[in-house]
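Structural overview for review
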Amino acid sequence: MELSSAGFHVLHILALLQVQVAAWPVEESPHLPLVRKITDVLHRIRVNTCAAHNLRVFISTDYEHLDEKEATLVRCVLDYSLSREELPVVLASQLSPELSVRVRLQLLFVQSPAQAIAACSALEIKGMYLIVWLTSQPEVSVQRSGMSQIFAHFLHRLYNLNVLLLLAHMERSTLQPFAFLPYTAGSCANTEPVELPQREWRLREMFPYRLSNMHGCPLSVIVWPIAPYMNLHWEQPRGVDQVDGLDGLLLRIMASRMNFTIQLLPNEPPELVGGSSYLNGTMTGAYRMLLDRRANLTLSSAVTGTIDDLPPVLQFVGFNEACQPAAAWQTVDKSFQLNYNPKPLLDLLENRLWRTCIYKVKHELGIPSQTEVVHRQELSNVEALYYREEHIKCHNKIFDLCKLEFCVSSY
Ligand SMILES: *[C@@H]1O[C@H](CO)[C@@H](O)[C@H](O)[C@H]1NC(C)=O
Ligand SMILES: *[C@@H]1O[C@H](CO)[C@@H](O)[C@H](O)[C@H]1NC(C)=O
Ligand SMILES: *[C@@H]1O[C@H](CO)[C@@H](O)[C@H](O)[C@H]1NC(C)=O
């Protein structure tokens, strides 16, 4: 009995080994150490960040354009990684719009900065990015300028700082994590790569807050006069003194909390309130300037209007599929305006506005956790008597009032 059970275990272990061997087609390959290193980092990220924060991961399978040995390496990493743990993973070459709102971390394997930039532009989502750059480039300076290109794309085009780059050297079998610190005491909008120490890769180790102190770096803000929200005093020398009104004050608070310098830009033309974004792609005013990256932000009452103005706004924030085809939008619109049924509209908007729920962004706001302390007071006999009598007095008074009311209304 004992013996056959032991025999079964041996078989079982052999079967497991068989699976392991099958999952390691590069068993004899010189890339095995690198596969192990990448797999190890991915494992930490999965446990300490993805599982800990319930983040869905999108893994781009669009790595077939990689060269043969790089593609094989990626296949090995994925075979091994995916067989280890259960986690919500979307494995595809393209991310569908329905899924994109649920996915929070994108994992990409690339062989050049150009591939990284093309892949991130195609994804068009704000989320967090983990880019594994498989390179054979021997020159450190070339590697650094390549990484800087990727980071510049994230900062200036995507306005996204949540990117971690793993530089995987195919020949040296090294794996180095890099990020960038755009705003420091010495520099503004810096995209130089900064090597990070090996970590446990918890969420804030991967993507630390980098905007809580912008060290006085300038942000250009498009403004136009509109009382009582924005009053402008162009004659003042400092940006912070040039604005007041409700939104002006808000801007000053932001600048002081985040420690940036306000650089005001007039709208084009200067008196235009906000701007327009048409379905044909034409944009004017502040929208146009932001799109052309001629300014960094705008605020003040611009988005006012009716449901008919929603499609261009949704399109501007990158939610094209909400308004296409036009007939689909008409259905949603009519159901709301003619049949007073808001559900289709809410279902549609929920997909894009879900991050406005406070619990979804709470961890980013840095609000200290709240505690509730209840102290119960023990009353002495005399105090207890006093409060009991007060209670009875109150009680009787209410009854008297009610009786009076009752008498008056009965007569
Ligand atoms: C901010 O706007 C300026 C133009 O005023 C632009 O040169 C700069 O790149 C923008 N900053 C970022 C982070 O995109
Ligand atoms: C804001 O940035 C300036 C310029 O780097 C610096 O001197 C100052 O100490 C910063 N303020 C805070 C509160 O960190
Ligand atoms: C786009 O539509 C707007 C408003 O209908 C119009 O003023 C503008 O000329 C159009 N642009 C193009 C390129 O057709």
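Everything numeric here is computed off the predicted structure, so don't read it as measured data. (Residues numbered from 1 in each chain as written. Chains lettered and ligands numbered in written order. Predicted model: local features only at pLDDT ≥ 70, side-chain atom pairs only at ≥ 80, totals over all residues.)

Quick look at the site of ligand 2
- The local shell around ligand 2 consists of Ala185, Asn213, His215, Gly216 and Asn259.
- Split into classes, the residues belonging to the shell around ligand 2 amount to 1 nonpolar, 4 polar and no charged. (Near = placed C-beta within 6 Å. Nonpolar A, V, L, I, M, F, W, Y, C, P; charged D, E, K, R; others polar.)

Some details on helix H5 (residues 113-123)
- Within H5, burial applies to Pro113, Gln115, Ala116 and Cys120. For H5, the angular spread of buried residues about the axis comes to 160 degrees, placing them on one side. In H5, those exposed residues whose orientation departs by more than 90 degrees from the buried face are Ala114, Ser121 and Ala122.
- Residues of H5 that are buried in the fold lie against strand E3 (103-110), strand E4 (128-135) and helix H6 (140-157). (Buried ≥ 20, exposed ≤ 12 C-beta atoms within 10 Å, placed from the backbone. Helix = DSSP H or I, 4+ residues; strand = E, 2+ residues; numbered from the N terminus. Arc of directions from axis to C-beta. Contact = placed C-beta atoms within 7 Å.)

Some points on unusual backbone geometry
- Residue Pro228 is bonded to the preceding Ala227 through a cis peptide linkage, with omega at 0 degrees.
- Looking at the secondary structure, you find Pro228 in the loop between strand E8 (218-223) and strand E9 (231-232).
- Following Glu268, the chain continues into Pro269 via a peptide bond in cis, with omega recorded as -10 degrees.
- Residue position: Pro269 is located in the loop between strand E11 (261-266) and helix H10 (285-291).
- Positive phi, close to 50 degrees, is recorded for Tyr159, a residue that is not glycine.
- Locating Tyr159 in the fold gives a position in the loop between H6 and strand E5 (163-169).
- Phi at Trp201 takes a positive value of approximately 60 degrees, unusual for a residue other than glycine.
- With respect to the helices and strands, the residue Trp201 is situated in the loop between strand E7 (194-195) and helix H7 (203-206).

Description of the pairing of strand E6 (residues 174-179)
- Examined bridge by bridge, E5 and E6 share 5 bridges and lie antiparallel to one another. When the sheet's bridge partners are listed, Leu165 is paired in E6 with Phe178.
- Linking E5 to E6, which pair antiparallel, is a turn of 4 residues; within it Ser173 sits at a positive phi near 55 degrees.
- Examined bridge by bridge, E6 and E7 share 2 bridges and lie antiparallel to one another. Paired with Phe178 across the two strands is Glu195, which belongs to E7. (Pairing = 2+ DSSP bridges.)

Some points on the sheet that holds E4
- Spatially, E2-E1-E3-E4-E5-E6-E7 is the arrangement adopted by the 7 strands of the open sheet, whose pairing is mixed. On the outer flanks of this sheet lie strand E2 (89-92) and E7, each paired with one strand and no other.

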